[in-house]
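# Architecture at a glance
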Amino acid sequence: MSTTPLTTPPTPLPFQISIPPSTLSTFKSKLLAAEFPDELQSSQWDMGVPLAEMKRLTKAFAEWDWRQAERELNLVPQFVTPVEVEGFGGVDVHFVWERSEVEGAVPLLFVHGSPSLPNFGFSSGIKTRGFGIAQYAETCHKLMLSLGYPQYVTQGGDWGFYITRAIGHLYPDSCMASHINMLRAPPPKFKKNPILATQHKLTSYTKAEEEGFKRTEWFAQEGRGYYMEQATKPQTLAYALTDSPVALLAWIYEKMHDWTDEYPWSDEEVFRWVAIYAFSRAGPGAAHRIYYETMHTGEGGITRDIVEGWIPKVKLGLAYNPKEISVLPATWCRTLGPVVYEAFNESGGHFYATEKPALLARDLRTMFGKGGGAYKVVKGRTFSSPPSFQTFLLLTSI
């Protein structure tokens, strides 16, 4: 796929979030009119969000001041710009552009919190089938080119893992390095990874790796039902999540609870996350179509086998968190590409940037700073001390 930017890329327009009063009024009315199910005696989180917690959150959500949150969010430098995606036309992409004051700062694309992916946040919704991982990667790549960054580095978790990996596969002359914190990879095989396969065969699993297998198995058996629904019948689910703020709150809050390492979510954090889905441009149901499109990607598309395989030209940094939803041995994850940095954290879960921002900053500074495995990886751009980045934000699904 071409890495050539548009001849005259449009100038990004400043963006401010402004939710209509009628939308807020309807949202609050539905929260106040909510009807709740019963629950089994002694119900715990293993069955979903406990009833008492949902009642408390729903009442607090109805009393919460979105306008205050909106004012604070609008202090962040947000923009929107059209990106031409092959076969889908122009897609309006909403993103945060945090420009460094340091000359020659490295362009860093965050995909799990900085640009709003199509169908998420305040970017356009996609109305036709086939917008899969390759198209999300194309969107992000062309956004960076349009902003004047022919080379850049990426950071990703959740869908950001798959999208940044696809960027590295499709555009290796532009994506110079990636740091990822949700790791999916197969065990090494002698035919493809003889050294790693030998290490894997001769070395016993550590206690942390054994615990990682337990966590991974728990998610596969007890935490993955949402994935199958979103990947097979996203439209059916969309009716509930669009019409009912309580359904949306429960659907998202369950994951925020289960996928973290006992992170103490404040009501403010929970409500902001849920509200951005509720007030998104395409509606909360649209965000789950990425699951369907990925599972139904046809021959010739970017599949999980590709992004979970060896990508040779992109230097790689890996962060291992014990409460991630997939916790695999290092010998497996090193089959993803040329690893130049690894962090084995003693705590942390799926939402790395929220739970452990200092550790994520440490990772990036070490990996891209002087002496790091990806130092000077972007032509003409080096780090100051501490390392500096041009940062871009994209919102991805949970």
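All of these numbers come straight from a predicted model, not from anything done at the bench.

Next up on the list: the overall build of the chain. Secondary structure summary: the chain contains 16 helices and 10 strands in total. Scaling as 2.2 N^0.38, a compact globule of 398 residues should have a C-alpha radius of gyration of about 21 Å, and the chain matches this with 21 Å. In terms of its C-alpha atoms, the chain occupies a principal-axis envelope of roughly 60 × 55 × 45 Å. Taking all 398 residues of the chain together, 52% fall into the buried category. Nonlocal contacts in the chain, meaning residues at least 24 apart in sequence, comprise 76% of its contacts between residues at least 6 apart. If you sum the accessible surface of the chain, you get close to 18,600 Å²; carbon and sulfur atoms cover 54% of it. One finds the centroid of the 38 positive side-chain charges in the chain at a distance of 6 Å from the centroid of its 41 negative side-chain charges.

Turning to the packing of aromatic side chains, a few remarks are in order. This model, assessed by the stated rule, comprises 32 aromatic pairs. Taking 4.9 Å as the distance between ring centres and 90 degrees as the angle between the ring planes, the aromatic pair formed by Phe131 and Tyr136 counts as edge-to-face. With a relative accessible area of 1%, Tyr136 lands in the buried category. For the ring pair Phe219 and Trp259, a centre distance of 6.0 Å and an interplane angle of 75 degrees mean the geometry is edge-to-face. Note that Phe219 is positioned in helix α7 (residues 207-223) and Trp259 in the loop between α10 (245-258) and α11 (267-278), a separation of 40 residues in sequence. Per residue, the accessibility class of Phe219 equals that of Trp259, and both read buried. Looking at Arg99, its charged tip hangs above the ring of Trp97, at a distance of 3.8 Å from the centre. A cation over a ring is seen here: Arg224 above Tyr227, with NZ or CZ 4.3 Å from the ring centre.

This paragraph deals with the pattern of salt bridges. As enumerated under the stated definition, the model contains 14 salt bridges in all. Between Arg272 and Glu268 there is a salt bridge; the shortest N-O distance is 2.6 Å. With Arg272 and Glu268 both in helix α11 and four residues apart, this pair spans about one turn of that helix. Judged by relative accessible area, Arg272 falls into the buried class, the value being 18%. Between Arg334 and Glu342 there is a salt bridge whose closest N-O contact spans 2.9 Å. Of the residues examined, Glu342 reaches a relative accessible area of 23% and is grouped as partly exposed.

To continue, consider helix α5 (residues 159-170). Taking 1.5 Å as the rise per residue, α5 with 12 residues should run 16 Å; its terminal C-alpha atoms sit 16 Å apart, in good agreement. Taken across its 12 residues, α5 has 11 buried, putting it largely inside the fold. For α5, the set of buried residues is Trp159, Gly160, Phe161, Tyr162, Ile163, Thr164, Arg165, Ala166, Ile167, Gly168 and Leu170.

Ranked by internal contacts, the top residues of the largest apolar core, which has 91 residues, are Phe61, Trp66, Ile133, Ile163, Ile167, Val270 and Phe279. Among residues more than four places away in sequence, those in contact with Phe279 are Ile19, Thr23, Leu24, Phe27, Trp66 and Phe122.

Moving on, we get to the UniProt feature "active site" (unreviewed entry) in the chain. Within the UniProt annotation, "active site" (unreviewed entry) is assigned to Asp158, Tyr291 and His350. The topology assignment puts Asp158 in the loop between β6 (152-156) and α5. Take Asp158: its relative accessible area is 6%, and that puts it in the buried class. With respect to the secondary-structure elements, Tyr291 resides in helix α12 (residues 289-295). At a separation of 3.4 Å, a polar atom in the side chain of Tyr291 contacts the side chain of Trp159.

Our focus in this paragraph is the pairing of strand β3 (residues 89-98). The sheet contact formed by strand β2 (residues 78-85) and β3 spans eight bridges and is antiparallel. Within β3, the residue paired with Val80 across the bridge is His94. For β3 and strand β5 (residues 115-116), the ladder comprises two bridges, and the chain directions are antiparallel. Bridge assignment links His94 to a residue of β5, and that residue is Ser116.

What follows deals with the packing of helix α3 (residues 66-73) against α11. Put simply, α3 and α11 touch, their axes get as near as 11 Å, and they point 80 degrees apart. Looking at the two axes, α3 sits roughly perpendicular to α11. Listed contacts from α11 to Trp66, Ala69, Glu72 and Leu73 of α3 are Glu268, Arg272, Ala275 and Ile276. Looking at the contact of α3 with α11 residue by residue, the classes come out as five nonpolar, no polar and three charged.

Direction vectors running N to C along helix α2 (residues 51-63) and α10 enclose 120 degrees, while the axes themselves pass 11 Å from each other. As judged from the angle between their axes, α2 and α10 are oblique. Remark: the crossing between α2 and α10 carries right-handed chirality. Here α2 contributes Glu53, Met54, Leu57, Thr58 and Phe61 to the contact with α10, which in turn contributes Val246, Leu249, Ala250 and Tyr253.

Okay, the confidence of the model for the chain next. Scored by pLDDT, the chain comes out at a mean of 93, with 94% of its residues at no less than 70. Across residues 1-6, confidence stays below pLDDT 50; counting only partners more than four residues off in sequence or on other chains, it has 12 contacts.

Conventions we followed
Residues numbered from 1 in each chain as written. Predicted model: local features only at pLDDT ≥ 70, side-chain atom pairs only at ≥ 80, totals over all residues. Heavy atoms only, no water. Helix = DSSP H or I, 4+ residues; strand = E, 2+ residues; numbered from the N terminus. Rg over C-alpha atoms; globule rule 2.2 N^0.38 Å. Buried < 20%, exposed > 50% of the residue type's maximum accessible area, 1.4 Å probe, protein only. Contact = heavy atoms within 4.5 Å. Areas by Shrake-Rupley, 256 points an atom, 1.4 Å probe, with all protein chains shown as cover. Lys, Arg positive; Asp, Glu negative; His and termini not counted. Charge placed at Lys NZ, Arg CZ, Asp CG, Glu CD. Phe/Tyr/Trp six-rings, centres within 6.5 Å; stacked < 30°, edge-to-face > 60°. Lys NZ or Arg CZ within 6 Å of the ring centre and 35° of its normal. Salt bridge = Lys/Arg side-chain N within 4 Å of Asp/Glu carboxyl O. Expected span 1.5 Å × (residues − 1). Core = buried A, V, L, I, M, F, W, Y, C linked by side-chain atoms within 4.5 Å. UniProt positions renumbered as here; feature names shortened; annotations may be inferred. Polar contact = N/O pair within 3.5 Å; in protein donor to acceptor, adjacent residues only side chain to side chain. Pairing = 2+ DSSP bridges. Axes fitted to C-alpha atoms, helices over the stretch in contact; angles between N-to-C directions. Parallel < 35°, antiparallel > 145°, perpendicular 65-115°, else oblique. Nonpolar A, V, L, I, M, F, W, Y, C, P; charged D, E, K, R; others polar. Left-handed = near helix turned anticlockwise from the far one by under 90°. pLDDT = per-residue confidence, 0-100.

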